[in-house]
Amino acid sequence: MVKVETDHALAFDSLTVQGVPARKNEYGAIMPPIFLSTTYRFKDIDHQGAYEYIRTQNPTRQKAENLVARLEGAKHAYGFTSGMAALSTIFELLAPGDHVISSSNIYGGTYRYFIDFFQKKQISCQFQTDLNQLSDSDFEPNTKIVFLETPANPTLRVIDIAHVAELAHAHGALLVVDNTFMTSYLQKPLSLGADVVAYSATKFYGGHADLSAGFIVCNNDSLAEKFAFYQNTLGATLSPFDSYTLIRGTKTMALRLDRQQENLKYLRETLDKHPAVARVLYPGWYSSTEAAIQQKQANGLGACLSFEVEPEVDLGVFFDALQMIDLAVSLGGVESLVCQPKTMTHEPYPDEALAKIGVTDRLVRFVVGIENKTDLIWDMTQALDKARQ
Ligand SMILES: Cc1ncc(COP(=O)(O)O)c(C=O)c1O
C-alpha cells in the first residue's frame, strides 16, 4: 500500500488506475497529456526550468516512471525503450575484472548479452542451475552482482529471493531481479532484499502487445544517481508517446492478471488431464520447497505455464491445429500465445545448457490471455487431440 496524496493508502489495483492523478495536471484531463517537445526554454542564462532536453527528462516519461516506482513501493524508477535496454544499463555498473553469478535459467536475450558482452568487457559469469543451493563458496572476492528471474522462464522453477539477497549482501554483491513474469502486482523483490529490479514492460505493464518498454527500479539513492547518468548518457530513454501508452496499459494490469491467473488455473487442469501431455510446469511444480517459497514471496502464480508433450505428439501439427491461440514469442498481452522455447526464445543457448535446465524440443510455453476460458480449453484440447493422432 502506497500513499499518494490521499488520506488513505490506495490498494495496488486502485493505484494502477489512479497512480497518475488527474488533479495534478493543469487542465484536469483524466488521461495525462503527451509532452512531445524535445527542448525547453531556460528561464534565463543562469536558470533552467524543471526540464531541459527530452533524453534527460520529459514530463510524460516522468509520470510513467513515478507510476512504476509507486506500484513497486520504491523510490526510483527509470524508463527505457525495451527490457534489454534496461538490463544492459544495469550491467554498466560492472567493470573489467568483475564477476557475476547468474541463474542459468534466464531469458534467452539476457543469456546472449552475458555470453557476448561480458566476454568483450572481461567480466566473468558463473551460471548456477539452482540458486536455492547458492552458498558462500560460490562467491569470489570480485563478485559484484547476483542475477536471477523467478519464476524462471520457461521452466517455472522458483528461487528464494530473500535467501539469495542475504548471501549476496554478506559478500558485498548486489542482487538484481528480473521481475517481468510476476510484475509488482504479484511480487516485490525490493521488499525481499533485492537491490535492483528490472522489467520488460513490453509484457504485462504495456499489456496489449503494442509497446516496447523497460524499467529499472531501486531504492538506493547512489545507485539511482548512476542509473540516471547511464540513462541520459546511453540514451535509450522511453519516448513520450510510449510513456503514455505505458500509463494507459498499466491501468488494467491488476484486472488483466486476475483474469489471466483464473484462466491459467482451468488450463492447467485441462492440460494435467490430457493424454498428450507428459507434465505441466508451473511455479512450485518442481518441489514442495519451491511451492512454499512461491507462496511466501509472491501473491500468485502468474499467467504462464509450460508443458511437455508425450513423445508421440507431433508439435508441428499441434501448433498448426490451434484455431484461436497464436504461435508467437512474448507474453503479457491480452491474447493467449504458445511458443517452443528451445527454438523461439532460448535459441541463444547451446543444446547442452538447455538440457541442463530441462528445456527440450517437447516443451511448450503457454501464456494465457483474457479470452473466455471455455474457448481456451476448447482450442487447446482440439489441437492436442489432433497432434496425438
Ligand atoms: C524475462 C524477460 N526479461 C527481459 C526481456 C527483454 O525484454 P524486451 O523484449 O522488452 O527487450 C524479456 C523478453 O521477452 C523477458 O521475457
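The present account deals with the structure reproduced in this document. (Residues numbered from 1 in each chain as written. Predicted model: local features only at pLDDT ≥ 70, side-chain atom pairs only at ≥ 80, totals over all residues. Heavy atoms only, no water.)

1. Thoughts on the packing of aromatic side chains
Within the structure shown, the criterion is met by 20 aromatic pairs. Here the aromatic residues Phe91, Tyr111, Tyr113, Phe114, Phe117, Phe118, Phe127, Phe147 and Tyr349 are joined through ring pairs into a cluster of three or more. The side chain of Lys373 reaches across the aromatic face of Tyr266, ending 4.8 Å from its centre. (Phe/Tyr/Trp six-rings, centres within 6.5 Å; stacked < 30°, edge-to-face > 60°. Lys NZ or Arg CZ within 6 Å of the ring centre and 35° of its normal.)

2. Section: the site of the ligand
Lining the immediate environment of the ligand, one finds 13 residues, of which Gly83, Asp178, Ser200, Thr202 and Lys203 sit closest. For the ligand, a nitrogen atom lies 2.6 Å from a polar atom in the side chain of Asp178. A distance of 2.6 Å separates an oxygen atom of the ligand from a polar atom in the side chain of Thr202. Look at the ligand: alone it shows 390 Å² of surface, and the protein chains cover 89% of it. Residue contributions to the shell around the ligand peak at 3 residues, all from helix H3 (residues 83-90). Taken together, the residues that form the shell around the ligand break down as 5 nonpolar, 5 polar and 3 charged. (Near = heavy atom within 4 Å. Polar contact = N/O pair within 3.5 Å; in protein donor to acceptor, adjacent residues only side chain to side chain. Areas by Shrake-Rupley, 256 points an atom, 1.4 Å probe, with all protein chains shown as cover. Helix = DSSP H or I, 4+ residues; strand = E, 2+ residues; numbered from the N terminus. Nonpolar A, V, L, I, M, F, W, Y, C, P; charged D, E, K, R; others polar.)

3. Observations concerning the sheet that holds strand E13 (residues 337-339)
In sheet architecture, strand pairing relies on hydrogen bonds along the backbone and comes in two forms, parallel and antiparallel. Spatial ordering of the open sheet is given by E10-E11-E14-E13-E12, a layout of 5 strands whose pairing is mixed. The sheet terminates laterally at strand E10 (277-281) and strand E12 (326-327), the two strands that pair on one side only. The pairing of strand E11 (residues 304-309) with strand E14 (residues 363-367) spans 5 bridges and is antiparallel. Bridged to Ser306 within E14 is Arg365. (Pairing = 2+ DSSP bridges.)

4. A short note on the sheet that holds strand E6 (residues 143-149)
Within the open sheet, the 7 strands sit side by side as E3-E9-E8-E7-E6-E4-E5. Their pairing is mixed. Among the strands making up the open sheet, the edge pair consists of strand E3 (76-80) and strand E5 (124-128). Ignoring strand direction, the axes of neighbouring strands in this sheet form an average angle of 20°. As paired elements, E6 and strand E7 (residues 174-178) share 5 bridges and run parallel to each other. Following the sheet pairing, Ile145 is matched in E7 by Leu174. With respect to the sheet, helix H5 (residues 161-170) is in contact with E6 and E7, its orientation differing from that of E7 by roughly 150°. In the packing of helix H7 (residues 221-234) onto the sheet, the strands contacted are E3, E7, strand E8 (196-200) and strand E9 (214-218), and the crossing angle to E3 comes to about 20°. (Axes fitted to C-alpha atoms, helices over the stretch in contact; angles between N-to-C directions. Contact = heavy atoms within 4.5 Å.)

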